[in-house]
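# Overview (structure and organization)
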Amino acid sequence: MLKSIFDKSLAVLLCTTLVSMVFVAFWGVFTRLVLKNQASFTTEYLRYALLWTSLLAGAYCFGEKGHISITFVKDKFKGNGLKALNVVTELVIIFFAVTVLILGGIQGVRLGMNEISPTLFIRIGYIYTVLPISGVFVTFYSIVNLMDLF
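The numbering scheme is per chain: residues are counted from 1 as the chain's sequence reads. Reporting of local features is limited, given that this is a predicted model, to residues whose pLDDT is at least 70; pairs of side-chain atoms are given and counted only at 80 or more, and all residues count toward the totals for whole chains, interfaces and linings. To get the side-chain values, all heavy atoms of the structure are used, and hydrogens and water are removed first.

### Focus on the nonpolar core
Of all hydrophobic cores here, the largest spans 14 residues; its most connected members are Leu10, Leu56, Ala59, Phe62, Phe137, Val138 and Tyr141. Mapped onto this core, the elements with two or more residues apiece are helix 1 (2-33), helix 2 (41-64), helix 3 (79-112) and helix 5 (130-149). Among the elements that make up this core, the one with the highest residue count is helix 5 (six residues). Filtering out sequence-adjacent residues up to four positions away, phenylalanine 137 remains in contact with Phe6, Leu10, Leu56 and Ala59. Put simply, buried Ala, Val, Leu, Ile, Met, Phe, Trp, Tyr and Cys residues joined by side-chain atoms within 4.5 Å make one nonpolar core. Accessibility here uses a 1.4 Å probe with only protein chains present; expressed as a share of the type maximum, an area under 20% marks a residue as buried, one over 50% as exposed, and anything in between as partly exposed. A run of H or I in DSSP becomes a helix once it reaches four residues, and a run of E becomes a strand once it reaches two; helices and strands are each numbered from the N terminus. Between two residues, a contact is recorded if the distance between any of their heavy atoms is within 4.5 Å.

Here it is as C-alpha cells:
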C-alpha cells in the first residue's frame, strides 16, 4: 500500500517535471529564434530540472527493480547463496543511499543555502534537496526489496 503511494507520487512528480521541461525548452527556443532574445532563465531551469529528473527517475527505477545490474556473479549463485547475495546487495545500496544521498545531501543543502542562483534567484540549497529526497526513496525501496526477500 505504502509502496504504491510512493510510486504514484514519484511518477506524478517526474511527469510534471518532464512536461515543465518541454514547455521551458520550447519557450527558450521560441524566444531565441523568434524574439531574438533568449529568456535567460531557461537554460538554468533546464539544468536543475534535469538534475531532479535524473535522481528521482533513478530512485523510481529502484522501486520498479528496473535499474541496471551486472549479473555474471549473481548467476553463479542458487538458493540460500543467492538470497544472501541479494540481502548484501540491498544493504550496500541502503548504506550508500543513507551516507551519500541523505547525509551528504543534507550537508550539500546546508552549504548551498549560502549561494543564490544567478537567473532563478533561489538558493542553490533548495535545488540540492533532491539528493536527500532521492536518498529517502532509494532507501525505502531497498527496504521493501529486503522485505520481499523474506
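Read on, since the account is not over.
### Looking at the pattern of salt bridges
By convention in these notes, a salt bridge is any Lys or Arg side-chain nitrogen within 4 Å of a carboxyl oxygen on Asp or Glu. In the structure shown here, the tally under the stated rule is two salt bridges. Its salt-bridge partner being aspartate 7, residue lysine 3 comes within 3.0 Å of it at the nearest N-O pair. Remark: aspartate 7 and lysine 3 occur in helix 1; sequence separation between them is four residues, near one turn of the helix. Between lysine 65 and aspartate 148 there is a salt bridge; the shortest N-O distance is 3.9 Å. Linking lysine 65 in the loop between helix 2 and helix 3 with aspartate 148 in helix 5, this pair joins segments that are 83 residues apart in sequence.

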